Amino acid sequence: MGNSVTIIDNRSGKKIDLPILEGNRGTPVIDIKDLNKELGLFTFDNGFSSTAHCKSELSFIDGEKGELFYRGYRIADIAEKKSYLDVCYLLLTGEFPNEKNSLEFDMLIRKRYFLHETLKELFRAFPENSHPMATLSSGVAALSSFYREHLDLCDNKKCGTFDYFIMAQRIISKIPTIAAYSYRHSKGLSLVYPDANRYFTENFLYMLRAYPNGDAEIKDIEVKSLDTIFTLHADHGQNASTTAVRTVCSTGAHPYAAISAGIGALWGRAHGGANEQVLNQLREISDSGNDIKKFIDRAKDPNDDFRLMGFGHRVYKNYDPRAKSLKELQDKLKNEINIDNKLLEVAYRLEEIALSDDYFIERKLYPNVDFYSGIILTALKIPISMFTPVFVIGRSVGWIAQWFEHRHDPSMRIARPRQLYIGKVDRKIEDN
Ligand code: ACO
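Numbers given to residues run from 1 along each chain, matching the order in which its sequence is written. Reporting of local features is limited, given that this is a predicted model, to residues whose pLDDT is at least 70; pairs of side-chain atoms are given and counted only at 80 or more, and all residues count toward the totals for whole chains, interfaces and linings. Excluding hydrogens and water, the side-chain values take into account all heavy atoms of the structure.

## Some points on the site of the ligand
As a structural note, the neighbourhood of the ligand is formed by 20 residues, with H271, L308, G310, F311 and R314 the closest of them. For this analysis, a polar contact is any N or O atom pair within 3.5 Å, provided that within protein one partner can donate a hydrogen and the other can accept it, and provided that sequence-adjacent residues contribute only side-chain to side-chain pairs. Measuring from an oxygen atom of the ligand, one finds a side-chain N or O atom of R314 at 2.7 Å. With respect to the ligand, the side chain of R363 contributes an N or O atom lying 3.0 Å from an oxygen atom. With the chains in place, 71% of the 920 Å² that the ligand exposes on its own is no longer accessible. A molecule or strand has a residue near it when one of that residue's heavy atoms lies within 4 Å. Exposure was quantified through the Shrake-Rupley algorithm and a 1.4 Å probe, taking into account, for residues, occlusion by the shown protein chains and nothing else.

## Quick look at the packing of helix α14 (residues 321-333) against helix α17 (residues 369-379)
Axis definition: a line fitted to C-alpha atoms, over the contacting stretch in the case of helices. Angles run 0 to 180 degrees between N-to-C directions. Secondary structure elements follow DSSP: runs of H or I no shorter than four residues count as helices, runs of E no shorter than two count as strands, and numbering proceeds from the N terminus. Where α14 meets α17, the axes come as close as 8 Å, and the angle between the chain directions of the two elements is 25 degrees. Between α14 and α17, the interaxial angle falls into the category roughly parallel. Relative to α17, α14 is oriented so that their crossing is left-handed. Between α14, through R322, A323, L326, K327, L329, Q330 and L333, and α17, the contact on the second element is made entirely by V369, Y372, S373, I375 and I376. Angle categories: roughly parallel below 35 degrees, roughly antiparallel above 145, roughly perpendicular from 65 to 115, and oblique for all the rest. A clockwise turn of the near helix away from the far one marks a right-handed crossing, whereas an anticlockwise turn of less than a right angle marks a left-handed crossing. Contacts are assigned to residue pairs with any non-hydrogen atoms lying within 4.5 Å of each other.

## Here we look at the sheet that holds strand β3 (residues 29-30)
Paired through their backbone hydrogen bonds, the strands of a sheet run either parallel or antiparallel. Here, any two strands with at least 2 DSSP bridges between them count as paired. Strand order in the open sheet formed by three strands is β1-β2-β3, with antiparallel pairing between adjacent strands. Only two strands of the sheet have a single partner each, and these edge strands are β1 (4-8) and β3. When β1 meets strand β2 (residues 15-21), the two strands line up antiparallel, connected through five bridges. If you follow S4 over to β2, its bridge partner there is P19.

What follows is the structure, given as structure tokens:
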């Protein structure tokens, strides 16, 4: 018999052995599916702090050591040696592409950059000052009406790898176009068609920056840096937005509806929306005459809900390896592109002070991926409202790969958690 945990119900003295399941790495989990049947109990785990809700082969996080792997490869190696599209291929298929497959995949993505002309009408319906995240999530949901056939992918028997691969390519290649259109619309700019002669990341910068006549200045170093940022965001275990995608997937809804739900979840300031907040906060600190202590004190005050944005993580109790890669990238870029040194100084100082402060040390609060990404994105001339859409572009492949994994898990059931009811009971409507 394998390892197990014995639970004794002190009310009845009844006991149950629950099996312990071991993955290939990481914390083992207790399989509690018989708990309710045997003891009439559910578990309570606010925010899923101790709950695994699926098995996955895609990414692995060692939160204590501060390590992240995609399909077994260490993130720092991948970020240094591989392009974002090769990372997409890895996450979708399990292996990096050879040279031929890499070229073919690149071509398949390029030919799918374009949107149906009718979809462009959607952007007109949004007020000009709408946040690009609002337009982006709606645009991706709207894609489901253009590719209704992908709903068949939700029927397990018809969910062929070939169809899935096409659906995945559509999502990866069209999200940057919708994101760029969302931004241009929010600024009252004409929409610029994708350019299939350009690599994925260059094409995104082109769509953001180009004049209607096609003029756009894009440096190789900018493409390489943004490509690395996409890679660092490609997948990250069962975070809130991925969980949203898996939850919608479990109901059999259209895959694009699931991705749109993921975009909605990512928007929040506790998740992907933090990158926008970090930059605002760094600017606020800089404008306050670098009064870092005031901000640290507020973050520590239990009566103030202020948080140091870009710090802390549910899983990492060590330096986020993605933040480490971004910090290194930033150091490399310092002499090559126009980094805001004033903000950089504030960020370095803030990190230094926080990491030597007992409050942050005791709670193991380290910089996360969002802490440095905003400074680099600003140096890449990405507008602040596009920081979270950039995260969406990078994460799109992770969401699709997780969707596919969820769809193909034979033990998959509709995601349907329980609750502890604390409302009023047995009330009667009085007759007048
Ligand atoms: N600043 C100050 N205190 C913090 C911070 C922070 N950024 N993060 C956590 N804490 C404190 C909490 O107040 C709490 O203190 P307490 O034990 O005295 O009550 C303790 O650390 C634990 O915090 P929780 O909120 O319980 O941790 P949780 O795992 O639920 O939250 C989260 C993680 C949401 C990332 C949190 O650290 C946070 O809000 N950070 C700021 C926002 C941010 O940077 N988000 C991006 C995360 S990365 C990503 O999603 C891409």
